[in-house]
Amino acid sequence: MTPSIPTIRFISTQNPRFNAVQKTLEQKLQNYNDKKAGPSRFKSLGLAVRDPKARVIGGLLGATFRGWLHIDLLWVDRPYRKKGVGCRLVHQAEETARRRNIQWVCVETGSFQAPDFYPKLGYRCIKLVPLARRSQGFYFVKKLHPAPATKTVTGEHSQALFGLRFEPLTPGKKKSIK
């Protein structure tokens, strides 16, 4: 006997119970996926770039799971664009992914955003989708190859791009972003 379908209720994101419902649904999906495909090994990834006055002028947010790095957000303030900051953020994210034994990267961008940026870094467009206002969405992927054995530069030398400070964002530690 098939169970009857209960009443479906809309829950607004402003509802105080929304976060609890979201976490419940995410956990149920995670449990299902883990049973079917094995553990996801989900791990957030975040990088911030600060100017000499410690103001955030850019960053990258994403996550690694199931063999992929998903870049969700990449931002660089206009005065710092086309100066290598975005490239450095993506390269640092890729290096972190390699250390996590990740082999693939994916990112989505719009035709009004950065469709020319990612191919310069070795990304290949695998899909175009129509978006609102006569724009297009681009889906890019890249196969990560093992990094060549090179000396890693750390400390103040790794921070030496135009006086900017690149730093990982650590989940759980709240920082004031100005």
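Residues numbered from 1 in each chain as written. Predicted model: local features only at pLDDT ≥ 70, side-chain atom pairs only at ≥ 80, totals over all residues. Heavy atoms only, no water.

## Notes on the nonpolar core
To keep things clear, this is the line we draw: Nine residue types can take part in a nonpolar core, namely buried Ala, Val, Leu, Ile, Met, Phe, Trp, Tyr and Cys, and a core is a set of them joined through side-chain atoms within 4.5 Å. The classification of residues rests on relative accessible area computed with a 1.4 Å probe and restricted to protein chains. Under 20% of the type maximum is buried, over 50% is exposed, and intermediate values are partly exposed. Secondary structure elements follow DSSP: runs of H or I no shorter than four residues count as helices, runs of E no shorter than two count as strands, and numbering proceeds from the N terminus. Note on contacts: a residue pair qualifies if any of its non-hydrogen atoms lie within 4.5 Å across the two residues.
Among the nonpolar cores identified, the biggest contains 24 residues, and V49, L60, L69, I71, V85, L89 and Y123 are the most heavily contacted of them. Those elements giving two or more residues to this core turn out to be β1 (43–50), β2 (56–65), β3 (68–76), α2 (85–99), β4 (104–110) and β6 (135–143). Here the element with the most residues in this core is α2; it accounts for five residues. If near-sequence neighbours (up to four positions away) are discounted, I71 is found in contact with L60, L61, G62, V105, C106, V107 and Y123.

## Some remarks on the pattern of salt bridges
Defined as follows: One speaks of a salt bridge when a side-chain nitrogen belonging to Lys or Arg is within 4 Å of a carboxyl oxygen belonging to Asp or Glu.
Following the criterion strictly, the structure yields five salt bridges and no others. Salt-bridge contacts for R55 lead to D51; the nearest nitrogen and oxygen are separated by 2.8 Å. By relative accessible area, D51 is classed as buried at 4%. Between K142 and E94 there is a salt bridge, and its shortest N-O distance comes to 3.2 Å. Placement of K142 in strand β6 and of E94 in helix α2 is noted, with a sequence separation of 48 residues between them.

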